[in-house]
Amino acid sequence: MASLSLQHIDKIYDNNVQAVYDFNIDIKDGEFIVFVGPSGCGKSTTLRMVAGLEDISAGKLLIDGKDCTTLPAKDRDIAMVFQNYALYGHMTIYENMAFSLMLAKEDKYVIHEKVMAAAEILGLTQVLNRKPNQLSGGQRQRVAMGRAIVRNPKVFLFDEPLSNLDAKLRGSTRREIKLLHKRLGTTMIYVTHDQTEALTLADRIVCMSMGHVQQIGTPLELYDHPKNLFVASFIGLPPMNLFSLKAEDGKYYVEGIETHLPERVVKAIKETNKKEYVIGIRPEDIRLGNDFVLDVNLNENTGHFTLTHGKLFGKTSVAKFRDWQRFDIGDQVKVSFDEEKVHLFDAETTEAIL
């Protein structure tokens, strides 16, 4: 196990394209960190710099207090699990898991003990004599994890490991990874574009966009207190409903419609004294009420809740009701907001005010 410190890390390629800007985080020993963001945001590049597969253009990488910025990948005691499994097709599962130990010239009895222990943890003992093409995608991903476990590294790195799996396998394998972390207690860094994986796996999330860190915090911190509009719109499924808000002469216009606002929002507007804002409300914080009208154009009943899509203030929006609702297309449903859950952002800077 190990602690890591990424200090002012930049990545600039030879063509002067910068992929990562001033990345900073201190990762505790045994912590599970998830880098999340859309494709091209720099999360995998950052992971590869930690692994030593990409050079660090500027800044420092410390592992257990040791400067590893220029240390070769093989000397960092880090194991990486890739999206495409990277298994040797001509080898058995046992041989795949043992390969790195064989290269390190470990005693064959030690190798056997480590492989069998990892296979037991991952439920692979019955398939050790098979070849990778005889296994399901989920089993192959577990083999890839087993190959990392036998090395007993200081840090595990996961680069979108579930992307090639179907929805059911993603869910079960995600749970296996979480249980694996609890069992091993090893420091893990996990890269994904899937916010569900981020929210369910992470001790802390690093949300990235266009090479910049947007916010670092626990899943609940990012969900309940997004730092800016990007985090507010990226974290959460369905995403937060966002509306333009103008303040003029003591009146407030949401999407051009004069509207009554919660007192805490009015107070924040008076304190910041600006004219243009963005107001946000998560779908589950909309409830049946008497304040606003939602014009229904689609109803999705999923069993334990209902997603109602429609126009709110004339803008496409979605409400998430806990009960089974039977609205029809064209219905006008009166709703209210949970006033304590309304978010307010500066329209110019995109930074959160509430």
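Only a predicted model underlies this, so the values are computations on that prediction, with no experimental measurement involved. (Residues numbered from 1 in each chain as written. Predicted model: local features only at pLDDT ≥ 70, side-chain atom pairs only at ≥ 80, totals over all residues. Heavy atoms only, no water.)

Colleague: If you had to explain helix α2 (residues 93–103) to someone new, which residues and values would you point to?
Modeller: Where α2 is concerned, the buried positions are Ile-93, Asn-96, Met-97, Ala-98 and Leu-101. As for α2, its buried residues are in contact with α3 (108–122) and α4 (137–149). Just past α2, the residue Lys-105 takes up positive phi, approximately 60 degrees. (Buried < 20%, exposed > 50% of the residue type's maximum accessible area, 1.4 Å probe, protein only. Helix = DSSP H or I, 4+ residues; strand = E, 2+ residues; numbered from the N terminus. Contact = heavy atoms within 4.5 Å.)

Colleague: Account for the pattern of salt bridges, naming residues and giving values.
Modeller: Scanning the model with the defined rule gives ten salt bridges in all. Here Lys-11 ties to Glu-54 by a salt bridge, and the two come within 3.5 Å at their closest N and O atoms. You can see Lys-11 sitting in strand β1 (residues 4–12) and its partner Glu-54 sitting in the loop between α1 (43–51) and β4 (58–63), a full 43 residues away along the chain. For the pair shown, Lys-11 and Glu-54 are each scored as buried. Each of Lys-11, Arg-48 and Glu-54 takes part in one network of salt bridges that share partners. (Salt bridge = Lys/Arg side-chain N within 4 Å of Asp/Glu carboxyl O.)

Colleague: Provide a residue-level description of the side chain of Ser-336, including the pertinent values.
Modeller: Looking at the element boundaries, Ser-336 is found in strand β18 (residues 332–337). Here the side chain of Ser-336 touches Asn-290 through a polar contact of 3.1 Å, landing on its backbone nitrogen. In terms of polar contacts, Ser-336 uses its side chain to reach the side chain of Asp-291, at 2.8 Å. Leaving out residues up to four positions away in the same chain, Ser-336 has contacts with Asp-285, Ile-286, Arg-287, Leu-288, Gly-289, Asn-290, Asp-291 and Phe-292. (Polar contact = N/O pair within 3.5 Å; in protein donor to acceptor, adjacent residues only side chain to side chain.)

Colleague: Describe in detail the nonpolar core, supporting the description with residues and values.
Modeller: Membership of the largest hydrophobic core comes to 44 residues, with the highest contact counts inside it found for Met-97, Phe-158, Ile-177 and Tyr-190. Listed in part, the 29 residues of the second largest apolar core include Ala-19, Val-50, Met-80 and Ile-189. (Core = buried A, V, L, I, M, F, W, Y, C linked by side-chain atoms within 4.5 Å.)

Colleague: Quick rundown of the side chain of Glu-31? Include the residues and the values.
Modeller: Note on placement: Glu-31 falls in the loop between β2 (18–27) and β3 (32–36). Using a relative accessible area of 8% as the deciding quantity, one classes Glu-31 as buried. Side-chain polar atoms of Glu-31 contact the backbone nitrogen of Lys-28, separated by 2.9 Å. Beyond its immediate sequence surroundings of up to four residues, Glu-31 is in contact with Asp-26, His-181, Thr-186, Thr-187, Met-188, Asp-203 and Arg-204.

Colleague: Quick rundown of the packing of aromatic side chains? Include the residues and the values.
Modeller: Any two aromatic rings considered together are summarised by their centre-to-centre distance and by the angle between their planes. A full pass over the atoms with the stated rule returns eleven aromatic pairs. Ring centres of Phe-313 and Phe-337 lie 6.5 Å apart, and the angle between their planes is 70 degrees; on these two criteria the pair is classed as edge-to-face. In this pair, Phe-313 is assigned in the loop between β16 (306–312) and β17 (315–321) and Phe-337 in strand β18, connecting sequence segments 24 residues apart. Just as Phe-313 is buried, Phe-337 falls in that class too. Through successive ring pairs, a cluster of aromatic residues spans Phe-32, Phe-156, Phe-158 and Tyr-190. The ring of Tyr-223 carries Arg-282 above its face, with NZ or CZ at 3.9 Å from the centroid. Over the aromatic face of Phe-305 sits the side chain of Lys-320, whose NZ or CZ is 4.3 Å from the ring centroid. (Phe/Tyr/Trp six-rings, centres within 6.5 Å; stacked < 30°, edge-to-face > 60°. Lys NZ or Arg CZ within 6 Å of the ring centre and 35° of its normal.)

Colleague: Give a detailed account of the sheet that holds strand β6 (residues 78–81), specifying residues and quantitative values.
Modeller: Pairing within the open sheet is mixed, and its six strands lie in the order β6-β7-β8-β3-β9-β10. The open sheet is flanked by β6 and β10 (212–217), the only strands paired with a single partner. Each neighbouring strand pair of the sheet contributes to a mean axis angle of 15 degrees, computed without reference to strand direction. Across four bridges, β3 lies against strand β9 (residues 204–209) in parallel orientation. Bridge pairing in β9 places Val-36 opposite Cys-207. The strands that helix α5 (residues 167–184) touches are β3, β7 (155–159) and β8 (187–192); relative to β8, the one it contacts most, it runs at about 165 degrees. (Pairing = 2+ DSSP bridges. Axes fitted to C-alpha atoms, helices over the stretch in contact; angles between N-to-C directions.)

Colleague: Pulling in residues and values, what's your account of the sheet that holds β18?
Modeller: Taken together, four strands build an open sheet; the order of strands is β17-β16-β15-β18 and the sheet is antiparallel. Each end of this open sheet is capped by a strand with a single partner; those strands are β17 and β18. Each strand axis lies, on average, 50 degrees off the axis of its neighbour in the sheet, ignoring direction. Pairing of β16 with β17, which is carried by seven bridges, proceeds in the antiparallel orientation. From the neighbouring strand, Leu-312 faces β17, where its bridge partner is Lys-315.

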